[in-house]
Amino acid sequence: MSVTHALAADDSGLDVLLRQDPELAEILLAERRRQSTTLQLIAAENFTSPAVLAALGSPLANKYAEGYPGARHHGGCEIADVAERLAVERARDLFGAEHANVQSHSGSSAVLAAYAALLRPGDTVLALGLPYGGHLTHGSPANFSGRWFDFVGYGVDAETGLVDHDQVRTLARARRPKAIVCGSIAYPRHPDYAFFRDVADEAGAYLIADAAHPMGLVAGGAAPSPVPYADIVCATTHKVLRGPRGGMILCGSELAERVDRAVFPFTQGGAQMHTIAAKAVAFGEARTPAFAAYARQVVANARTLAAHLAAEGFVVTTGGTDTHLITVDPAPLGVDGRTARGLLAAAGIVLDCCALPHADARGLRLGTAAVTTQGMGEREMRTVATLLAGVLRGATDPAAARAAARDLAAEFPPYPG
């Protein structure tokens with residue numbers, strides 16, 4: 001037995017790392033300090049539960065399980081099969097779907113599999129344009145989607161910032177796409193899934209819902225579900241859902257085999273069984289009343305934060321939010337989005353830049369999922385809005401701002417104790 005494996009079984013992971021690989025352990029400790037001493041407002045991030053982290057570090061990390069339960073290409077998958085079946089069952093129950101595939105390594109790989117199941121290279125696809133909040137997998141020329149398919153982008157109304165439904169219908173009638181994608185990474189309103197279903201039916205197209213961002217809200221009953229309307233729903237299991245980094249696909253039984261074959265063997269090899277186990281944990285947690293209350297608070301916090309940012313002078317796109325994310329233009333405070341992100345990062349406030357519809361400048365994208373997990377409420381959102389505005393106006397000293405962010409984070413530690 002090696003020295004590494006002779007370590008006591010009851011040692012914590014960091015204790016083991018500190019003795020075996022102190023250099024990496026210090027890196028992990030530094031990241032833990034960063035997360036617990038700054039404000040995490042990136043819309044795509046959250047804090048998983050200790051149970052999810054435990055599953056990620058479980059012995060299933062050792063198991064190669066290429067294939068599906070009952071039909072693996074490797075031996076010794078009996079327990080892995082039980083874990084995956086549990087994750088699938090919980091996902092189907094949580095979202096009311098006939099079929100769930102939980103093997104996708106990420107949201108992007110889930111979208112890739114959805115396209116592979118329904119499309120052929122050269123097919124026309126209608127999706128929200130990247131300047132209006134569309135994702136890389138919605139036709140970016142730097143991404144497989146833009147290289148393999150003929151993407152047509154729809155946009156948003158210049159006045160309201162809302163999806164231009166008339167344009168969507170006009171483009172669908174003119175281009176007759178093979179698929180229509182609804183969903184985004186920076187659009188703070190709920191898609192009208194019934195509208196998109198109607199347009200897809202009229203055009204003879206498949207409807208793909210890319211629900212990576214709102215799926216946790218759907219699980220908690222705080223957002224409408226795309227499952228009854230879309231042929232395929234792609235999602236991530238992190239973000240608001242608070243699970244491990246990964247993806248999943250939901251669909252009806254008639255597309256189940258095509259979706260499964262598009263994931264394996266077409267786009268992926270072996271399943272990451274420790275991640276699938278962690279997904280099962282997250283799906284179980286999302287079925288609880290506590291998670292439903294969390295999802296409602298995420299939305300309440302986002303609406304409060306948006307309202308107070310508007311009061312501080314930010315231009316809030318679409319005039320507010322229905323979800324966990326907010327996009328704003330900081331130009332009235334005298335800075336562009338990229339400059340604002342840097343100033344706020346120096347003050348211990350972590351968020352993203354994003355495209356602004358019908359504008360050359362960059363804006364800011366914020367999310368309330370992580371800070372809500374920490375226990376922050378609407379009172380703290382007012383404090384955050386004031387802090388952001390003070391930093392960008394230059395009215396708050398950077399050192400004082402960082403201390404304020406650190407104090408607020410310390411009051412609501414992501415992992416108490």
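Residues numbered from 1 in each chain as written. Predicted model: local features only at pLDDT ≥ 70, side-chain atom pairs only at ≥ 80, totals over all residues. Heavy atoms only, no water.

### Some words on the packing of aromatic side chains
Geometrically, a pair of aromatic rings is defined through the distance of the ring centres and the angle of the planes.
Then comes step 1: Applying the stated criterion across every chain yields a total of ten aromatic pairs.
Then comes step 2: Aromatic side chains Y68 and F264 sit 6.3 Å apart centroid to centroid with 75 degrees between the ring planes, which places their arrangement in the edge-to-face category. Linking Y68 in strand 3 (residues 67-68) with F264 in helix 10 (residues 256-267), this pair joins segments that are 196 residues apart in sequence.
Then comes step 3: Accessibility expressed as a relative area gives 17% for Y68, which makes it buried.
Then comes step 4: Classification of F264 as buried rests on a relative accessible area of 12%. (Phe/Tyr/Trp six-rings, centres within 6.5 Å; stacked < 30°, edge-to-face > 60°. Helix = DSSP H or I, 4+ residues; strand = E, 2+ residues; numbered from the N terminus. Buried < 20%, exposed > 50% of the residue type's maximum accessible area, 1.4 Å probe, protein only.)

### As for a nonpolar patch on the surface
Then comes step 1: There is a patch of nonpolar side chains on the surface, built from L24, I27 and L28 and spanning about 250 Å² of accessible area.
Then comes step 2: With respect to the element layout, I27 can be found in helix 2 (residues 22-37).
Then comes step 3: Judged by its relative accessible area of 51%, I27 is exposed. (Patch = residues over 30% accessible without salt bridge, like charges linked within 9 Å, V, L, I, M, F, W, Y side chains within 5 Å. Areas by Shrake-Rupley, 256 points an atom, 1.4 Å probe, with all protein chains shown as cover. Salt bridge = Lys/Arg side-chain N within 4 Å of Asp/Glu carboxyl O.)

### Some points on the side chain of T237
Then comes step 1: Tracing the chain through its elements places T237 in the loop between strand 10 (232-236) and strand 11 (247-251).
Then comes step 2: In terms of polar contacts, T237 uses its side chain to reach the backbone carbonyl oxygen of P244, at 2.8 Å.
Then comes step 3: Residues in contact with T237, not counting those within four places in the same chain, are R242, G243, P244, R245, G246, G247, M248, K279 and F283. (Polar contact = N/O pair within 3.5 Å; in protein donor to acceptor, adjacent residues only side chain to side chain. Contact = heavy atoms within 4.5 Å.)

### Quick word on the pattern of salt bridges
Then comes step 1: Per the counting criterion, the structure on display carries 17 salt bridges.
Then comes step 2: Across the pair K178 and D123 runs a salt bridge, and its minimum N-O distance is 3.6 Å. With a gap of 55 residues between them, K178 in the loop between helix 7 (165-175) and strand 8 (179-182) and D123 in the loop between helix 5 (107-118) and strand 6 (124-128) connect regions that are remote in the sequence.
Then comes step 3: Overall, the relative accessible area of 18% leaves D123 in the buried class.
Then comes step 4: For E202, the salt bridge identified is with R173, shortest N-O distance 2.5 Å. Linking E202 in helix 8 (residues 193-203) with R173 in helix 7, this pair joins segments that are 29 residues apart in sequence.
Then comes step 5: Salt bridges here are not isolated pairs; linked through shared partners, they connect R169, R173, D198 and E202.

### Section: the pairing of strand 14 (residues 325-329)
Then comes step 1: The buried count for strand 14 comes to five of five residues, which makes it a mostly enclosed element.
Then comes step 2: Burial along strand 14 is two-sided: the face carrying L325, T327 and D329 and the face carrying I326 and V328 are both buried.
Then comes step 3: Two strands pair when backbone bridges link them, and strand 13 (residues 315-316) and strand 14 are joined in this way by two bridges, in the antiparallel orientation. Bridged to V315 within strand 14 is D329. (Pairing = 2+ DSSP bridges.)

### Examining unusual backbone geometry
Then comes step 1: Residue P265 follows F264 across a cis peptide bond; omega there is 15 degrees.
Then comes step 2: On the secondary structure map, P265 appears in helix 10.
Then comes step 3: Positive phi, close to 45 degrees, is recorded for R176, a residue that is not glycine.
Then comes step 4: In this fold, R176 is placed in the loop between helix 7 and strand 8.

### What to know about the nonpolar core
Then comes step 1: F95, I180, F196 and M215 are the most contacted members of the largest nonpolar core, which totals 64 residues.
Then comes step 2: Of all the elements, helix 11 (residues 273-286) adds the most residues to this core, at eight residues.
Then comes step 3: Each residue touching F95, except ones within four places of it in the same chain, is listed here: M215, V218, A219, V227, M248 and L250.
Then comes step 4: In this structure, L41, V335, A347 and L387 belong to the second largest nonpolar core, which totals 34 residues. (Core = buried A, V, L, I, M, F, W, Y, C linked by side-chain atoms within 4.5 Å.)

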